[in-house]
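Residue-level structural notes
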Amino acid sequence: MRSSAEIRCLMEKEIPHKRDAAELAIRTYVGEIMRGQVTCVRADAGWDMLEDLLLDEDNDAVVVVDGQSRPVGHRVESDLLRYLRNEPPTEPAPKGMLERGFHVESPRATAQEIMTPVVQTLFETAPMSFAVAVLAQRGVEQAPVVSVEGAVVGMVSATDVVAWMASQLGYERT
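Attention in this report is confined to the structure presented alongside it. Values in this document were obtained by computation on a predicted structure and should not be read as measured data. (Residues numbered from 1 in each chain as written. Predicted model: local features only at pLDDT ≥ 70, side-chain atom pairs only at ≥ 80, totals over all residues. Heavy atoms only, no water.)

Right, let's get into helix α6 (residues 128-138). Taken together, the buried positions of α6 are M128, A131, V134 and L135. Projected down its long axis, α6 carries its buried residues within an arc of 120°, all on one side. Opposite the packed face of α6, turned more than 90 degrees from it, sit the exposed residues A136 and Q137. Looking at the buried side of α6, the elements it contacts are α1 (21-27), α2 (30-33), β6 (122-123), β7 (142-146), β8 (152-157) and α7 (158-168). Just downstream of α6, G139 is the residue with a positive phi angle, here 70°. (Buried < 20%, exposed > 50% of the residue type's maximum accessible area, 1.4 Å probe, protein only. Helix = DSSP H or I, 4+ residues; strand = E, 2+ residues; numbered from the N terminus. Arc of directions from axis to C-beta. Contact = heavy atoms within 4.5 Å.)

Below you can see the structure in the form of structure tokens.
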């Protein structure tokens with residue numbers, strides 16, 4: 001059984017058609033390749049929820065949204081780990097170390113306090129060529145995809161773009 005990380009390289013003669021990549025990227029919309037499942041939280045989401053979503057679930061990013069599901073910030077795994085390294089949350093003292101009737105509360109940040117403001121969003125109707133340019137020029141690995149109304153409808157990453165391009169060139173994941 002092959003692992004999902006293996007790819008099969010096709011010989012040039014097997015490729016049914018060759019297309020100009022630039023033309024194809026202009027005619028393909030972000031909404032066609034985006035990941036439709038994206039995890040969103042409100043700004044008041046607690047630290048424990050973010051930690052669970054990013055470290056225990058299989059999410060590489062969480063988008064922080066307002067009441068109309070418009071993105072206002074995001075958090076990715078590496079941001080969470082960096083935050084923990086730089087500002088570790090205080091842990092309560094072990095039981096028995098404080099006088100009776102006293103306890104220590106562990107202050108935990110909310111999503112709004114530790115989120116990175118959204119750098120860039122992409123409309124689902126934007127051409128892939130624009131998405132490629134934005135991701136490269138802004139130096140971001142991924143961006144939330146929004147509807148015309150501005151609500152989050154998906155996520156697109158540099159890896160999604162590369163995988164899409166590889167499939168257009170005749171390479172397929174096995």
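Strands sit in the order β2-β3-β4-β5 across an open sheet of 4 strands; the sheet is mixed. Taken across any chain shown, the strands that pair with only one partner, and hence form the sheet edges, are β2 (39-42) and β5 (116-117). The sheet contact formed by β2 and strand β3 (residues 61-65) spans 4 bridges and is parallel. Residue pairing for β3: T39 is matched across the bridge by V62. (Pairing = 2+ DSSP bridges.)

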